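A structural walkthrough
Listed below, chain by chain, are the residues.
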Amino acid sequence: MLRPWAAHWVAAVLLCRAVAQYSSDQCSWRGSGLSHESHRRDVEQVYLRCSQGSLEWLYPTGAIIVNLRPNIEPSPGHMSGLHVCIKPQVYSQGSHVYLEHAGDLRLLLAEKDQAQGTVHCFSLAEGVLFVEAIPQADISRRITAFQYELVPSQGPAMHMFPYLQPGLVACKPCSDEEVLMAVCTSDFAGSGVFQGVAPGTNKHSLATVTLRRLFHQKSRVFAWGGARGRSWSGRINVPAQCSVRPGGDEYLLTGSVHFGEAWLGCAPRYKYFLKLYIQVQNAGTNPCQVDTN
């Protein structure tokens, strides 16, 4: 149920009474509620057109509507499969975060839950972010801040990201086609062994890995051990439904990177991948080249 004063804000936006506010780089926005503190019912429009970025709202008053879109105009079918994931900073406070669609508000993230820094995802088709400041006598220490990412619901490792489709994560072997596509298009791909597993949350655990080969990586989630080590090391989030065994066999490790953290995707034994890779190489149908030596 939309509260009367919230309905007034949304109606104001629909009547173009809101103040437009664009970020300087279209990826991140930093603004202050002090710019319209005397107009506490004002709604500012924020437009962000990047696959990832951040928002920081100092001294929040009134409300802002955050419009997130990719930096290229997608097809209607692609838009329906696009999701937004937000991760609040642990110091974030002073606002509630809602999803707004056709004048209706649905609570996505209450102020009291933001200090946990938990990722929340929703379909882009569900609406825009409506960030509502909580009336405070003293706003001097209030900052609402979060990171965001636009992620496709389909693709390598997406079925293993527990925040995208809660309760639907399934640990199942990837098909040959999925393995080959994962090597080419995942945020990281390499081969290595699991060294240990540390407890995480009820959604995932944290595995320490050592990579003998690193085909490619997005961001520097794996660090080079130097000339002596001749390996890369790092940590990978593993969904709670999946079990890994430290030591033993070498695996092909692929996955996605979200908010600077690696998430496991397709991970067959490396000897199986190598056999598959040689077969497609000989057939001339391999989608990409990697150094398997």
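Above this text you will find the structure in question.
I will try to describe carefully the structure that is included in this document. For clarity, every value in this text was computed on a predicted model and none was experimentally measured.

Reading the values: rules and limits
Residues numbered from 1 in each chain as written. Predicted model: local features only at pLDDT ≥ 70, side-chain atom pairs only at ≥ 80, totals over all residues. Heavy atoms only, no water. Helix = DSSP H or I, 4+ residues; strand = E, 2+ residues; numbered from the N terminus. Buried < 20%, exposed > 50% of the residue type's maximum accessible area, 1.4 Å probe, protein only. Contact = heavy atoms within 4.5 Å. Areas by Shrake-Rupley, 256 points an atom, 1.4 Å probe, with all protein chains shown as cover. 1 Å grid on protein atoms, 1.4 Å probe; cavity = no way out; pocket = protein on both sides within 12 Å on 5 of 7 lines; lining within 4 Å. Points joined across faces, edges and corners; volume = space filled by probe spheres on them. Nonpolar A, V, L, I, M, F, W, Y, C, P; charged D, E, K, R; others polar. Salt bridge = Lys/Arg side-chain N within 4 Å of Asp/Glu carboxyl O. Pairing = 2+ DSSP bridges. Polar contact = N/O pair within 3.5 Å; in protein donor to acceptor, adjacent residues only side chain to side chain.

**Quick look at the overall build of the chain**
Scanning the chain from terminus to terminus reveals five helices and 17 strands. For the chain, with 293 residues in total, the buried portion stands at 48%. Pairs at least 24 residues apart make up 68% of the contacts formed inside the chain by residues separated by at least 6 positions. Summed over its atoms, the accessible surface of the chain is roughly 15,100 Å², and 51% of this surface lies on carbon and sulfur atoms.

**Some words on empty space enclosed by the protein**
One pass over the full model with this rule turns up one cavity of 30 Å³ or more. What the largest cavity holds in volume is close to 30 Å³. Forming the boundary of the largest cavity are Val66, Leu68, Arg69, Val84, Phe122, Leu124, Gly127, Val128 and Leu129. Of all the secondary-structure elements, those providing two or more residues to the lining of the largest cavity are β5 (63-69) and β10 (128-133). Taken together, the residues of the lining of the largest cavity break down into seven nonpolar, one polar and one charged.

**Some remarks on the pattern of salt bridges**
The tally for this structure, following the rule as stated, stands at six salt bridges. A salt bridge links Arg106 to Glu126; its shortest N-O distance comes to 2.6 Å. Of this pair, Arg106 sits in strand β8 (residues 104-109) while Glu126 sits in the loop between β9 (120-123) and β10, and the two are 20 residues apart along the sequence. Among the residues examined, Arg106 registers a relative accessible area of 42% and is labelled partly exposed. Of the residues examined, Glu126 reaches a relative accessible area of 33% and is grouped as partly exposed.

**Structural notes on the pairing of β8**
Where strand β7 (residues 95-101) lies against β8, five bridges are found, and the strand directions are antiparallel. Within β8, the position partnered with Tyr98 by the bridge is Leu107.

**Here we look at the side chain of Asn237**
Tracing the sequence through the fold places Asn237 in strand β15 (residues 232-239). Overall, the relative accessible area of 4% leaves Asn237 in the buried class. Separated by 3.1 Å, the side chains of Asn237 and His204 make a polar contact.

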